[in-house]
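Residue-level listing of the chains:
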Amino acid sequence: MSSYSRRAFLHTLGAASMAAAGTSIFPSVVAAQTAQYKLKYANNLALSHPLNVRAKEAADAIKKETGGRVELQIFPNGQMGTDTDMLSQVRSGAIDFLTQGGVVLSTLVPVSAINGIGFAFRDYSQVWAAMDGDLGRHIRTEISKVGLVAMEKPWDNGFRHLTSSVKPVQSPADLKGLKIRVPVSPLWTSMFKALDASPTSVNFSEAYSALQTKVVDAEENPLALIETGRFYEVQKYCSMTGHIWDGFWFLGNARSWSALPPDLQAIVAKHLNAAAMAERADIAALSTSLIGKLESHGMVFNKPDIQPFRAALQKAGFYDQWRKKYGEQAWALLETYTQKFA
Ligand code: X2X
């Protein structure tokens, strides 16, 4: 992964120096380089992930429609640091935008993890009804209280599945003592502890090496990330649990956002939200088409019955505990879109 990011970086440098060399010959290149608003956008995903592919399309469309006044500069692949670092940077204004999972953002905005309650959503129709509806609106309001602006449409990360280098997970008993990497988030740790596993919080940029060096034996992520993050190189089994759905909020620093005149804000928001919709379709397609590809890389798939996992969480008091933490109002919003937990 690191040689990949170095290549991407060199490629970027190459493009920049070519543009610089061309400036005296092509004055239009100079114009393109002097955007009035240069907005730095960082994320933790590989360049090949649909999120970066669609973000690049949005950046091009924004540049075009604003006549070069707004330039969205993309820093993918954790180039700006770990998830925790990037969250501080977007709050301080060192970067202007960040896409971050709601469940990770919860270290700052607790309710943003509520969509990650284990086995809450049955399918995407429930997910998008909730996230584009009242639940998403409630979370965005809470996000706005910490100096951040969330674009209206969350992007998809996906339904998460378990991977392991030691054995397939077929029932809750297989999780007992399993050393599993989870993102830095209280909800995740709590859920895997309730399932009797042994979770360790690791930022995404360090997850691959934690698996490679066997600090942990397992991790969990949507298929698009298992593929673009090359986890199949260090993981053998993939158990299709779909235990958590999480998406990415497109977060802006509130000061950077309000520095943009309203007409430019409208253009930026329009293209980012449209890109989110396109990215959702990409992920939905990949969530089935990638199985064959990952099998060809040697991964072995199984599909456990999820009822015993849900029952184990219930029995461990997981749902009751988080219902109390989020409060009745937020919990009721979640249950408007999912089946009831009690
Ligand atoms: O860290 C992860 O596993 C990731 C990339 O899926 C999130 O951002 C939650």
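This text goes with the structure placed above it.
Residues numbered from 1 in each chain as written. Predicted model: local features only at pLDDT ≥ 70, side-chain atom pairs only at ≥ 80, totals over all residues. Heavy atoms only, no water.

Draft legend 1. Local environment of the packing of aromatic side chains. Per the counting criterion, the structure on display carries 16 aromatic pairs. When the ring of phenylalanine 121 is compared with that of tryptophan 245, the centres are 6.2 Å apart and the planes differ by 85°; the resulting orientation is edge-to-face. Note that phenylalanine 121 is positioned in the loop between helix H5 (102–105) and helix H6 (124–131) and tryptophan 245 in strand S11 (residues 245–253), a separation of 124 residues in sequence. With respect to class, phenylalanine 121 is no different from tryptophan 245; both count as buried. One aromatic cluster in this structure is built from Phe318, Tyr319, Trp322, Tyr326, Trp331 and Phe341. Its end group placed over the ring of tryptophan 128, arginine 280 keeps NZ or CZ at 3.5 Å from the ring centre. Here the guanidinium or amino end of lysine 325 rests over the ring plane of tryptophan 322, the centre of that ring lying 4.4 Å away. (Phe/Tyr/Trp six-rings, centres within 6.5 Å; stacked < 30°, edge-to-face > 60°. Helix = DSSP H or I, 4+ residues; strand = E, 2+ residues; numbered from the N terminus. Buried < 20%, exposed > 50% of the residue type's maximum accessible area, 1.4 Å probe, protein only. Lys NZ or Arg CZ within 6 Å of the ring centre and 35° of its normal.)

Draft legend 2. Just the nonpolar core, in detail. Ile114, Ile117, Leu135, Ile143 and Tyr326 are the most contacted members of the largest nonpolar core, which has 58 residues in total. With five residues, the single largest contributor to this core is helix H15 (residues 328–337). Excluding residues within four positions of it along the chain, leucine 135 makes contact with Ile114, Ala130, Ala330, Leu333, Leu334 and Tyr337. Ranked by size, the runner-up nonpolar core spans 46 residues in total, among them Tyr41, Leu51, Phe97 and Cys238. (Core = buried A, V, L, I, M, F, W, Y, C linked by side-chain atoms within 4.5 Å. Contact = heavy atoms within 4.5 Å.)

Draft legend 3. How the structure looks around empty space enclosed by the protein. Considering all chains together, one arrives at two cavities of 30 Å³ or more under this definition. Empty space within the largest cavity amounts to approximately 160 Å³. What lines the largest cavity is a set of 19 residues, and nearest its centre among them are Asn44, Asp83, Val104, Asn157 and Phe248. The set of elements that each furnish at least two residues to the lining of the largest cavity consists of helix H4 (83–92), strand S3 (97–101) and S11. The element that contributes the greatest number of residues to the lining of the largest cavity is S3, accounting for four residues. Along the lines of polarity and charge, the residues of the lining of the largest cavity split into nine nonpolar, six polar and four charged. Approximately 40 Å³ is the volume attributed to the second largest cavity. Lining the second largest cavity we find Phe119, Leu162, Leu175, Met191, Phe192, Leu195, Thr241, His243 and Phe309. Split by residue class, the lining of the second largest cavity holds seven nonpolar, two polar and no charged. (1 Å grid on protein atoms, 1.4 Å probe; cavity = no way out; pocket = protein on both sides within 12 Å on 5 of 7 lines; lining within 4 Å. Points joined across faces, edges and corners; volume = space filled by probe spheres on them. Nonpolar A, V, L, I, M, F, W, Y, C, P; charged D, E, K, R; others polar.)

Draft legend 4. Summary view of the environment of valine 127. Along the polypeptide, valine 127 turns up in helix H6. Residues valine 127 and asparagine 115, 12 residues apart in the sequence, show an inter-C-alpha distance of 8.3 Å. Not counting the four nearest positions on each side in its chain, valine 127 is found in contact with Phe121, Phe159 and Trp245.

Draft legend 5. Inspection of the layout of surface pockets at higher detail. Empty space within the second largest pocket amounts to approximately 490 Å³. Taken together, 25 residues line the second largest pocket, and the ones lying closest to its centre are Arg122, Phe159, His161, Thr241 and Gly242. Listed by contribution, the elements that provide at least two residues to the lining of the second largest pocket are strand S5 (155–159), helix H10 (223–228), helix H12 (262–296) and helix H13 (307–315). With four residues, the top contributor of residues to the lining of the second largest pocket is H12. When its residues are assigned to classes, the lining of the second largest pocket shows 13 nonpolar, eight polar and four charged.

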